[in-house]
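Summary of the model geometry
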Amino acid sequence: MTISFRKWSERQQVLAVILGGGLFLSALWFFLLTPLNRQRRALEKDIEQIRTELAAKGLLLDMTALNETRQQAYDEHKSRRAEWLQAAGHIQSIEESGAGIGGVGHIDYKVALFDVRHRLQRKARALNVVLPADLGMEAAIRSNEDARERMYQLRAVERLVDLCLDVNIPRLQSIAPLEPNGIMLPGSTTVYMREYPVKLEFLGSMDNLYALFETVAQPGRLFALRQCRIESTVADTRDILEISLTLSALLSVVEPDELTPAAKAPVQRLTRPLGF
């Protein structure tokens, strides 16, 4: 059966056009616009969730607030850097310039060792203190040895013996510079300080020991205590003790900006309850 549209009246034709247009718009809404609206609502929900998270973390800021936050971070970094440099200056026992910046040759070390021995022996004789003649430092350096490290060891020995003489320790029996060590922050791979330990054995009283501890704890003269042993002597004088100390001179070797950040420990997520 064939429907002839031309035989319809004008009113019927108008109603047919309206009905056909409505059906077309309904199909367009259902098959095209409805999925797009559903996708739009999902995107709006995600955007709102991200906006809430950013606002909770204080990251949803305008340019003025961002500039203020950046300036605060810069000022805090500048303050922390100044604190680091001040602290490094307080705990540093020997200075970079003390061993000579640039190339340090074997001859430079030998000349410095001779000068230090001569000066300290002269000071010890004036104070009536007995010192080991060689200060525990050898003049000879092997070809594969770093003269710069030996120079730092010499400066550590020199500074520590000077302090011992200043507190009138009567007899230094032995001086032995030990192997240097690098100090790193936990989780970091950058050595930010070097320590140069020196082992001392001397005869003295508890007053001498207390005076030495007080002296090496002062800023710019600080030595880290690594080992201490005190024994009584067989002499009749009970005030004289045999004292062994290992003290480390500290040297800052990097600037704060050169430090690599410490690695953060991974967050452990519990997959099941632990305990009761």
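Definitions and limits used
- Residues numbered from 1 in each chain as written.
- Predicted model: local features only at pLDDT ≥ 70, side-chain atom pairs only at ≥ 80, totals over all residues.
- Heavy atoms only, no water.
- Buried < 20%, exposed > 50% of the residue type's maximum accessible area, 1.4 Å probe, protein only.
- Helix = DSSP H or I, 4+ residues; strand = E, 2+ residues; numbered from the N terminus.
- Arc of directions from axis to C-beta.
- pLDDT = per-residue confidence, 0-100.
- Contact = heavy atoms within 4.5 Å.
- Salt bridge = Lys/Arg side-chain N within 4 Å of Asp/Glu carboxyl O.
- Axes fitted to C-alpha atoms, helices over the stretch in contact; angles between N-to-C directions.
- Parallel < 35°, antiparallel > 145°, perpendicular 65-115°, else oblique.
- Nonpolar A, V, L, I, M, F, W, Y, C, P; charged D, E, K, R; others polar.

**Here's the deal with helix H5 (residues 206-216)**
- Burial in H5 covers these residues: Asn208, Leu209, Leu212, Thr215 and Val216. In a view along the axis of H5, the buried residues occupy a sector of 125°, so they form one face of it. Those residues of H5 that are exposed and aimed more than 90 degrees away from the buried face are Asp207, Tyr210 and Glu214.

**A word on the confidence of the model for the chain**
- When the pLDDT values of the chain are averaged, the result is 77; 72% of them are 70 or greater.
- Contacts of residues 97-101 to residues separated by more than four positions or lying in other chains number eight contacts, the stretch itself having pLDDT below 50.

**Examining the pattern of salt bridges**
- Inspection of the entire model under this criterion finds nine salt bridges.
- Arginine 226 is paired through a salt bridge with glutamate 195; the nearest N and O atoms lie 2.9 Å apart. Of this pair, arginine 226 sits in strand S4 (residues 223-232) while glutamate 195 sits in strand S3 (residues 191-204), placing them 31 residues apart in sequence.
- Classification of glutamate 195 as buried rests on a relative accessible area of 8%.
- A salt bridge links lysine 199 to glutamate 201, with the nearest nitrogen and oxygen atoms 4.0 Å apart.
- Several salt bridges share partner residues, and in doing so they unite Arg119, Lys123, Arg155, Glu158, Asp162 and Asp166 into one network.

**With respect to the packing of helix H3 (residues 106-127) against helix H4 (residues 147-166)**
- At a minimum axis separation of 10 Å, H3 and H4 run at an interaxial angle of 5°. The angle between H3 and H4 places the two elements in the roughly parallel class. Residue-level inspection shows His106, Asp108, Tyr109, Ala112, Leu113, Val116, Arg119, Leu120, Lys123, Ala124 and Leu127 of H3 in contact with H4, the latter providing Ala147, Arg150, Met151, Leu154, Arg155, Glu158, Val161, Asp162, Leu165 and Asp166.
- For the contact of H3 with H4, the class distribution of residues is twelve nonpolar, one polar and eight charged.

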